[in-house]
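# Summary of the model geometry
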Amino acid sequence: MKAPYSKIVLITGATSGIGKATSAKFAKQGYNLVLTGRRLSILEELKKKYKRKYAIKVKILNFDIRNSSATKKAFGSLDSNWKKIDILINNAGLAKGFDPIHKGKLIDWETMIDTNIKGLLYMTRLVAPGMVKRGNGHIINICSTAGHEVYPKGNVYCATKHAVDALTKGMRLDLTQYGLKVSQISPGAVEETEFSLNRFDGDKNKAKIYEDYNPLTSRDVARTIYFVASQPQHVNIQDVLMMGRQQASSTQIHRTGRS
Ligand code: NDP
Ligand code: 8X3
């Protein structure tokens, strides 16, 4: 099904996991896409695939979102029509490390803060002024259950996601008066992502945390993001807190097997 008109969706962190699944969902619905990430070859593959399969237009922006000038330069490379973003999905983010606070690595803390908080802010600062000028736009931040509760050894990751929660609320307070919507999605554990592998620095054994229960899949989250984005103009879903059926909270997962 084609979108009602050629809306443009910018998705940060589209090379993997939730961002990639979300790009597939919006592509299928006929939206034009701006896809970002550091891995150029994956962005190029997605662009080729979506253009062929869905006849949509796709732009790719290849940059590190921790770098404010690289982010500005990448967004600035779009022509004026492509800069008119209808939906910004602030998804790029990660967890690094799983240590108690007295053993945490500074580099992990800096990576999470620079990506999850500062990167989200850089992108928003570039896209939001155009939305305000046009009196229209939707910002969807990817938060987490970790933005609503804190778990042992989650310290800094949880702090960055609490910051995302605060920023979603702050953005909404500032932008509603201009006709913008601001939403967030707060998922529990999600598989079909590189999240766990990144958190444990590529250690495949430590990253095996989904084998004895069914967490959410990246497609579950993508479907929910699309649902939030496709509500009637007068409706804004502010937050969706979602977990797999066997997860009750960050610390309570019933590892009773997979179906
Ligand atoms: P993935 O690791 O699969 O995807 C992360 C994406 O972020 C990749 O596309 C990656 O692209 C991009 N990214 C990371 N760092 C940077 C950077 N410095 N510059 C640009 N892009 C970057 O993880 P998920 O899909 O799971 O994560 C997506 C979001 O969902 C994150 O914000 C995460 O915190 C959140 N989340 C994840 C959950 C989970 O259990 N998986 C649960 C709740 C929330 P590239 O490497 O190409 O740069
Ligand atoms: C990802 C979910 O529980 O690993 O944000 O923090 S969790």
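Presented here is an overview of the structure given in this document. Per chain, the residues get numbers from 1 upward, laid out in the order the sequence is written. Numbering of ligands from 1 and lettering of chains from A proceed in the order in which they are written. For this predicted model, a pLDDT threshold of at least 70 governs which residues receive local features, and a threshold of 80 or more governs which side-chain atom pairs are given and counted, while totals over whole chains, interfaces and linings are taken from all residues. Calculated side-chain values reflect all of the structure's heavy atoms, with hydrogen atoms and water omitted.

## Considering the site of ligand 1
Taken together, 30 residues surround ligand 1, and among them Thr15, Ser16, Arg38, Tyr157 and Glu194 come closest. Any pair of nitrogen or oxygen atoms within 3.5 Å is treated as a polar contact; in protein, a donor-acceptor pairing is required on top of that, and neighbouring residues in sequence qualify only through side-chain atoms on both sides. Between ligand 1 and the protein, one listed contact pairs an oxygen atom with a backbone N or O atom of Gly17 at 3.5 Å. With respect to ligand 1, the backbone of Ile65 contributes an N or O atom lying 3.0 Å from a nitrogen atom. Here ligand 1 has 880 Å² of accessible area as a free molecule, and 97% of this is covered by the chains. Secondary structure elements with two or more residues in the shell around ligand 1: α1 (17–28), α5 (155–175) and α6 (195–199). Residue polarity follows a fixed list, in which Ala, Val, Leu, Ile, Met, Phe, Trp, Tyr, Cys and Pro are nonpolar, Asp, Glu, Lys and Arg are charged, and the others, Gly among them, are polar. In terms of residue class, the shell around ligand 1 is made up of 12 nonpolar, 12 polar and 6 charged. Here, proximity means that at least one heavy atom of the residue falls within 4 Å of the molecule or strand. Using a 1.4 Å probe, accessible areas were evaluated by the Shrake-Rupley method; residue-level cover was limited to the displayed protein chains. Segments assigned H or I by DSSP are reported as helices when at least four residues long, segments assigned E as strands when at least two residues long, and all are numbered from the N terminus.

## Quick word on the pairing of strand β1 (residues 8–11)
Exposure is judged per residue with a 1.4 Å probe applied to protein chains only, and the accessible area is read against the type maximum: over 50% gives exposed, under 20% gives buried, and values in between give partly exposed. Burial along β1 is two-sided: the residues Ile8 and Leu10 and Val9 and Ile11 are all buried. The sheet contact formed by β1 and strand β2 (residues 32–37) spans 4 bridges and is parallel. Across the sheet, residue Ile11 finds its bridge partner in β2, namely Leu35. If you view a crossover with the strands going away from you and the path from the first strand over the helix to the second runs clockwise, you call it right-handed. Between the parallel pair β1 and β2, the chain is carried across by α1, and the sense of this crossover is right-handed. Pairing between two strands requires that DSSP report at least two bridges joining them. Examined bridge by bridge, β1 and strand β4 (residues 87–90) share 3 bridges and lie parallel to one another. If you follow Ile11 over to β4, its bridge partner there is Ile89.

## Things to note about the pairing of β4
Consecutive residues of a regular strand have side chains that alternate between opposite faces of the sheet. The two faces of β4 match: Ile87 and Ile89 on one face and Leu88 and Asn90 on the other face are all buried. Across 4 bridges, β4 lies against strand β5 (residues 137–142) in parallel orientation. Residue Asn90 lies in a different strand from β5, and its bridge partner there is Asn141.

## Regarding the packing of aromatic side chains
Each aromatic ring pair is summarised here by two numbers: the centre-to-centre distance and the angle between the ring planes. Stacked, tilted and edge-to-face pairs are distinguished by plane angle, under 30 degrees for stacked and over 60 for edge-to-face with tilted covering the rest, among Phe, Tyr and Trp rings (Trp via its six-membered ring) whose centres lie within 6.5 Å. Applying the stated criterion to the full structure yields 7 aromatic pairs. Seen in terms of ring centroids, Phe98 and Phe200 are 6.0 Å apart; in terms of plane orientation they differ by 70 degrees. Their pairing is edge-to-face. Separated by 102 residues along the polypeptide, Phe98 in the loop between β4 and α4 (106–134) and Phe200 in the loop between α6 and β8 (216–217) bring together distant segments of the chain. Look at Phe98 and you get partly exposed, because its relative accessible area is 33%. Taken together, the ring pairs connect Phe26, Tyr31 and Tyr226 into an aromatic cluster.

## Description of the sheet that holds β1
Within the open sheet, the 7 strands sit side by side as β3-β2-β1-β4-β5-β6-β9. Their pairing is parallel. With partners counted over all chains shown, the strands left at the sheet margins are β3 (58–62) and β9 (239–242), one partner each. Neighbour-to-neighbour, the strand axes of this sheet turn through a mean angle of 15 degrees, independent of strand direction. The criterion used for residue contact is that any of the two residues' heavy atoms lie within 4.5 Å. Orientation is described by lines fitted to C-alpha atoms, with helices fitted over the stretch in contact, and by angles between N-to-C directions that extend from 0 to 180 degrees. Its contacts with the sheet put helix α2 (residues 40–54) on β2 and β3, and the angle it makes with β3 is roughly 175 degrees.

## What to know about the site of ligand 2
Around ligand 2, a shell composed of Ser144, Ala146, Tyr151, Tyr157, Phe195 and Arg199 is seen. Take Ser144: an N or O atom from its side chain is 2.6 Å from an oxygen atom of ligand 2. Compared with its free state, where it exposes 240 Å², ligand 2 has 84% of that area covered by protein. Class assignment for the residues of the shell around ligand 2 results in 4 nonpolar, 1 polar and 1 charged.

## Quick notes on the pattern of salt bridges
When a carboxyl oxygen of Asp or Glu lies within 4 Å of a side-chain nitrogen of Lys or Arg, that pair is called a salt bridge. Counted according to the given criterion, the structure contains 10 salt bridges. The partner of Lys105 in a salt bridge is Asp99, with the nearest N and O atoms 3.5 Å apart.

The analysis is restricted to geometry; functional conclusions fall outside its scope.
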